[in-house]
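Each chain is listed here by its residues.
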Amino acid sequence: MDEIYAKQVDNAFLQKSGLEPARAVIWPSSKLHDLMSTCDSPFEATPGGSVLNTARIVSSIIQYDGKRSLAGPQFSVFYAGSIANDETGNRMREMLTTNAIEHRFCVTEADSTGRCAVFIDENKDRSLVASLGASTYFDPCLFDQPDVLRFLDEVPAVYFSGFFITDNYKSTQKLIELAQQRGKSICFNLASPFVVNAFTDRLLAVVEACDVLLGNEAEYGSLAEVIDFPKEADGKVDLSKLAVFLSTWKRGDRTLRNVVVTQGPHDTIVVDKETDGKPVTFPVEAVPREQLIDTNGAGDAFAGGYTFGRIMGYSMQRSVHVAHLMAKMVIKRSGVQTEISDDDMQ
């Protein structure tokens, strides 16, 4: 988990820094520190991190629904992570408590709590540079703790992203094993083309195990490359065909894998058993340019809305609708702010 530092930059800054719009990379903490120190204007800091953003969205939806129900919230979110014994780590604990998220942490003295710099360019796209820091010290023994195992017994699904597998693959394998033993749905977010390309073997093993696969068009494009998925005559990958292929890839006699492809402002593609293995597209409601503030976290918010819907037994269409609402809400705010209003749900 990270603390997020966001700022507006021009395209020249990205080029000079070796960054690309709408891409995420992982850098050593010293390199990220040097980059941030070259900036002549301050960053806006908020707690965050890919999976944490998704967890916050799910928890916010639960709290929002609870306020509208006499019974109150019926479900809770549990988050496991790794932080340092520092001020940033303490802020993370406080934020999770405020967001009504149950949590357990591995705590290390060997590094600082991770952080991520988000550079928002002139087109409102974001270039994300993460320094994993303490998040690389996730001890698989955390999953042996009785209270953590109790949560695993109670939750209907587990969710993690490609960033987790880069330095915590043993923990990833243990989580998958525990989830499969308990019959839990495994939801996995590809996270970044970098992860797909740099950790291909690990990623493919996780994709094979997962029941719900989420990602954007760039991430699926990289996945198509590493599995040698054929391109069309124009040299491009047909993402609908790729989604169909992945829905059955190494599934054996298991039900179809739920595959979700987001494409920013363009149609979302979904394939699963509800579609009978056929691709279905859902248009994305356009956000007026003057309302577009920060696209950082839009994919995380979508994942939160979609995962919540499927866990609750919503139809595929309703789940995508909630996911689109959450993504739209986030991009109209600076930073990943997750408090939901009635207007956000319209």
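What counts, and at which threshold
- Residues numbered from 1 in each chain as written.
- Predicted model: local features only at pLDDT ≥ 70, side-chain atom pairs only at ≥ 80, totals over all residues.
- Heavy atoms only, no water.
- Helix = DSSP H or I, 4+ residues; strand = E, 2+ residues; numbered from the N terminus.
- Buried < 20%, exposed > 50% of the residue type's maximum accessible area, 1.4 Å probe, protein only.
- UniProt positions renumbered as here; feature names shortened; annotations may be inferred.
- Contact = heavy atoms within 4.5 Å.
- Pairing = 2+ DSSP bridges.
- Axes fitted to C-alpha atoms, helices over the stretch in contact; angles between N-to-C directions.
- Right-handed = clockwise from strand over helix to strand, strands pointing away.

Here's the deal with unusual backbone geometry
So, step 1. Phi is positive for aspartate 228, which is not a glycine, with a value near 55 degrees.
So, step 2. As for its placement among the helices and strands, aspartate 228 is situated in the loop between α10 (217–226) and α11 (239–248).
So, step 3. Positive phi is not limited to glycine here, since lysine 250 has a value of about 55 degrees.
So, step 4. Relative to the assigned elements, lysine 250 resides in the loop between α11 and β11 (258–263).
So, step 5. Judged by relative accessible area, which is 48%, lysine 250 ranks as partly exposed.

Remarks on the UniProt feature "active site" (unreviewed entry) in the chain
So, step 1. Following the UniProt record, the feature "active site" (unreviewed entry) maps to Asp300 here.
So, step 2. Along the chain, aspartate 300 turns up in helix α12 (residues 298–311).
So, step 3. Residue contacts for aspartate 300: discarding those within four places in its chain leaves Ser50, Asn53 and Thr54.

Things to note about the sheet that holds strand β8 (residues 157–161)
So, step 1. Strand order in this open sheet of 6 strands is β8-β9-β10-β11-β12-β13, and the pairing throughout is mixed. In this open sheet, the two strands that pair with only one neighbour each are β8 and β13 (280–282). Between one strand axis and the next, the sheet turns by 15 degrees as a mean value, whatever way the strands run.
So, step 2. Where strand β12 (residues 266–271) and β13 come together, 3 bridges link them in antiparallel fashion. Bridged to threonine 268 within β13 is phenylalanine 282.

Observations regarding the pairing of strand β5 (residues 101–108)
So, step 1. Bridging between strand β4 (residues 77–84) and β5 involves 8 bridges; their strand directions are parallel. When the sheet's bridge partners are listed, tyrosine 79 is paired in β5 with histidine 103.
So, step 2. Following the chain from β4 across helix α4 (residues 87–98) to the adjacent parallel β5, one finds a crossover that is right-handed.

Quick word on the environment of serine 30
So, step 1. Its location among the elements puts serine 30 in helix α2 (residues 29–37).
So, step 2. On the accessibility criterion, serine 30 (48% relative accessible area) is partly exposed.
So, step 3. With 101 residues separating them in the primary sequence, serine 30 and serine 131 have C-alpha atoms 8.6 Å apart.

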